[in-house]
Structure formats: structure tokens, C-alpha cells
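Tertiary structure, described
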Amino acid sequence: MLTKKKKKKLEHEQELMAESEYAIECENLVKIYKTDQIEVVALQGLDLQVKKGELVAIVGTSGSGKSTLLNMLGGLDKPSAGSLTVNGRNLLKFTEEDYMVYKRNTVGFVWQNNARNLVPYLTAVQNVELPMLLQGQKQRRERALELLEAVGLSNRINSRLDQMSGGEQQRVAIAISLANNPAILLADEPTGSVDTKTSDQLLGVFKDINRTRGVTVVIVTHDLRLAKQIDRVVAIRDGRTSSEIIKKSHAEIMNESKGWDTGDAGEAAPEEVSEELVVLDRTGRLQIPKDYLEALEIKGGSKVKADLDLENERIYIHKAQ
């Protein structure tokens, strides 16, 4: 039973959730892992905003910090500095009890490794019921069947892990992640161990959940082919948000190409294209891709000087003379 103090705190948190238009806000987020002999900076001033109800892909090479970010969003790891706000709540101010409640009620998590998602000797419906059982929820079977139907597995409810394909197992994992009715669904490389066809099917499940249930979905992936099928893609390099992939429709292309010769009216419309935009944070910093710096023969890793020119509303960067 909630005490008056806890009830008042919960009501205040719900008010914050309702006020903010963002599900996720990261500002100058830093994560440092320390041991006796070494210090590793996994995130070094990352900025990111995700609106409620968005479906976002986060891409980056191994070691870029994308999984570190996801672990902190999931309450599995704690930020070192900066600001990380989820549904109006700053996770840097969380107590251990706050984290426990947050993981139980706010976020759902889908792992790449099915062994972390499923209990092998239980059936699909029993796996989905398990988190609800641990929380003492009622009408567990009814809700579990509903969730399995939502992910297209109503015909596999009594199947065990060894009787299902990798894609089916991952669908069960998605159903489990929805058992606590989360506001945010996090997926870490959810298609990393399945083939292309199954990968597309799983993405379809995430899109359907996002569209029909209004759940904010964040998918971390290194699969650029998969990311291209998602409307908003954020790229992380060296622990910072470095760019966003902006998709443009035919109408937008035509609007931007004023005065261009568009040819005969009977010609086929151009396909949708994508444009990668560099992201500036609130202090004006930007992260320049490594291949650009190498082309200018500018070495990173330490403070370096470069010449800047402003011309016709464009900024030009040159190697310092």
C-alpha cells in the first residue's frame, strides 16, 4: 500500500509525464567506466530528443556508445554526468527504489540474445505471463494471449523455445516486453541473429506496436538496411550524436527544386531519398565524420586548429595553415 508521501510523489511524476512532449531527452550526457587502472569514456556529451510516440533507430559502429545509451535508458546503468530525462523524470536523481519502479512500469526491453528474454522450458504464453505473475497482475492469461496475437503468434501459444524459429522466439520476447504496458520500448539489435526476411517481419511488428499502441520505440542496430526502413535515424560516433538521416518524399524534393527542369509530366516520379545532416548541440558543437577529417589531413584525438569561413550562409572548414 502506498504511503501519502509516495502517493504524492507518484502523482507529481504523472503530471511531469503529461506536461512533456518528449519521451526521452539527453543533454550533454556522459558515461565513464572506471577501474583501478583505466578509465573509459563511453559517452562524451551526447544530445538526443525523442518525442512521445516516435519510432527511432540509433545506429553506430561497435564501441560508438549506442548500447551504453540504451542500457541507461532502460535503467540498467547509471549516467555519470549531464541530463537524462525520461517522461519528465531525471534519471540522475533516481534512488535504487526509483530505478526498480522505473524498470517495472516505464520501459520494456528486447535483447538480441533470446536466452535473456525467454525461459526455455516454458511455453510462449507462460513466458509472457511470467512478468505479470511476478507483479501479481490479474487476468494474466487473457492479456498474454492478446499480446501474442498482437505479434502474430496466436497459433504458437503452447510452443516451447526449442519448437520455435529464431524469429518466433523474438516475437515472444517482444510480447514479454509489452507485458508491463510500457511507455517506451527499447530493442538492442533485435534482428541481429535472424535472416533478412525475418528481420523485415520483426520490424513490421515494431512498427505496428508503435502505430496502434502509441508506444515510443527505440531500436539500436548496426544494420543500415534495416535502419533505412525507419523514418528517423540517429547516428552516434565516438559517444556523441553526430548526424541524423532525413528522408525526403517526392513532393519535398520537387518543392526544393524550384526552377529545375523536371522533364515531361509523364516521367516517373523520383524515389524517396535520404540526406544525412550533421547535428549541432546546444553549445554549437558538432562532430565531423572521421573520413572528412582524414581528407583534410586533420588529426583528431586532441585539440586541433582549423580555419573557418562564412560565405553565402555556409560555413567552410579548412586545414589551418
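No experiment lies behind these values; they were computed from the predicted model shown. Here the residue numbering is sequential within each chain, running from 1 through the sequence in written order. Totals for whole chains, interfaces and linings use every residue, but because this is a predicted model, local features are given only for residues with pLDDT of at least 70 and side-chain atom pairs only at 80 or more, for both listing and counting. The basis for the side-chain values is all heavy atoms of the structure; hydrogens and waters are excluded.

1. Looking at the nonpolar core
Nine residue types can take part in a nonpolar core, namely buried Ala, Val, Leu, Ile, Met, Phe, Trp, Tyr and Cys, and a core is a set of them joined through side-chain atoms within 4.5 Å. The buried label goes to any residue with under 20% of its type's maximum accessible area, the exposed label to any with over 50%, and the partly exposed label to all in between, with areas taken from a 1.4 Å probe on protein chains only. If you look at the biggest cluster of nonpolar residues, it comprises 39 residues, and the most contacted ones within it are Val128, Leu148, Val172, Ile174 and Ile219. With 29 residues, the next largest nonpolar core counts Leu43, Leu91, Tyr99 and Ile184 among its residues.

2. Considering the pairing of strand 8 (residues 216-221)
The buried count for strand 8 comes to 6 of 6 residues, which makes it a mostly enclosed element. Here a helix means four or more residues in a row that DSSP labels H or I, a strand means two or more in a row labelled E, and each is numbered from the N terminus. By the alternation rule, side chains of strand 8 split into Thr216, Val218 and Val220 and Val217, Ile219 and Thr221, which are all buried. Only strands that DSSP links by at least two bridges are regarded as paired with each other. With 5 bridges connecting them, strand 7 (residues 184-188) and strand 8 associate as parallel partners. Along strand 8, the bridge assignment pairs Ile184 with Thr216. For the crossover from strand 7 across helix 7 (residues 196-213) to strand 8, the handedness is right-handed. A clockwise course of the path from the first strand over the helix to the second, judged with the strands pointing away from the viewer, identifies a crossover as right-handed.

3. As for the packing of helix 4 (residues 124-134) against helix 5 (residues 140-150)
Packing of helix 4 against helix 5 brings their axes to within 9 Å, and their N-to-C directions diverge by 125°. By the angle between their axes, helix 4 is oblique relative to helix 5. When you trace helix 4 past helix 5, the crossing you get is right-handed. Residues Ala124, Val125, Val128, Glu129, Met132 and Leu133 of helix 4 form the contact with helix 5, whose participating residues are Arg140, Arg141, Arg143, Ala144, Leu145, Leu147 and Leu148. Classification convention: Asp, Glu, Lys, Arg as charged; Ala, Val, Leu, Ile, Met, Phe, Trp, Tyr, Cys, Pro as nonpolar; all other residues, Gly among them, as polar. A class-by-class count of the residues in the contact of helix 4 with helix 5 yields 9 nonpolar, no polar and 4 charged. Interaxial angles span 0 to 180 degrees and are taken between N-to-C directions of axes, which are lines fitted to C-alpha atoms, for helices over the stretch in contact. An angle counts as roughly parallel when it lies under 35 degrees, as roughly antiparallel when it exceeds 145, as roughly perpendicular when it falls between 65 and 115, and as oblique in every other case. When the near helix sits turned anticlockwise from the far one by under a right angle, the crossing is termed left-handed; a clockwise turn instead gives a right-handed crossing. A contact between two residues is defined here by any heavy atoms of the two lying within 4.5 Å.

4. So, unusual backbone geometry
The phi angle at Gln139 is positive, at roughly 50°, despite the residue not being glycine. Its location among the elements puts Gln139 in the loop between helix 4 and helix 5. Its relative accessible area of 61% is what places Gln139 among the exposed residues. Its identity as a non-glycine residue notwithstanding, Asn181 has a phi of 55°, on the positive side. By the secondary structure assignment, Asn181 is in the loop between helix 6 (166-177) and strand 7.

5. Description of a nonpolar patch on the surface
Together, Leu308, Leu310, Ile315 and Ile317 give the surface a local cluster of nonpolar side chains, amounting to about 440 Å² of exposed area. If you list the elements that add at least two residues to the nonpolar patch, you get strand 12 (306-311) and strand 13 (314-319). Structurally, the position occupied by Ile315 is in strand 13. With a relative accessible area of 64%, Ile315 lands in the exposed category. Only residues whose relative accessible area exceeds 30% and that form no salt bridge enter a patch; like-charged residues are grouped when within 9 Å of one another, and nonpolar side chains (Val, Leu, Ile, Met, Phe, Trp, Tyr) when within 5 Å. The Shrake-Rupley method, run with a 1.4 Å probe, gives the accessible areas here. Residue values count only the displayed protein chains as cover. Criterion for a salt bridge: a side-chain nitrogen of Lys or Arg within 4 Å of a carboxyl oxygen of Asp or Glu.

6. What about the confidence of the model for the protein chain?
pLDDT measures the predictor's confidence residue by residue and takes values from 0 up to 100. Chain-level statistics for the protein chain give a pLDDT mean of 80 and a share of 72% at 70 or above. Within the protein chain, the lowest mean pLDDT, 44, falls on helix 9 (residues 250-256), and the highest, 95, falls on strand 7. Low confidence marks residues 248-270, where pLDDT is under 50. Its contacts with residues over four positions away, or in another chain, come to 13 contacts.

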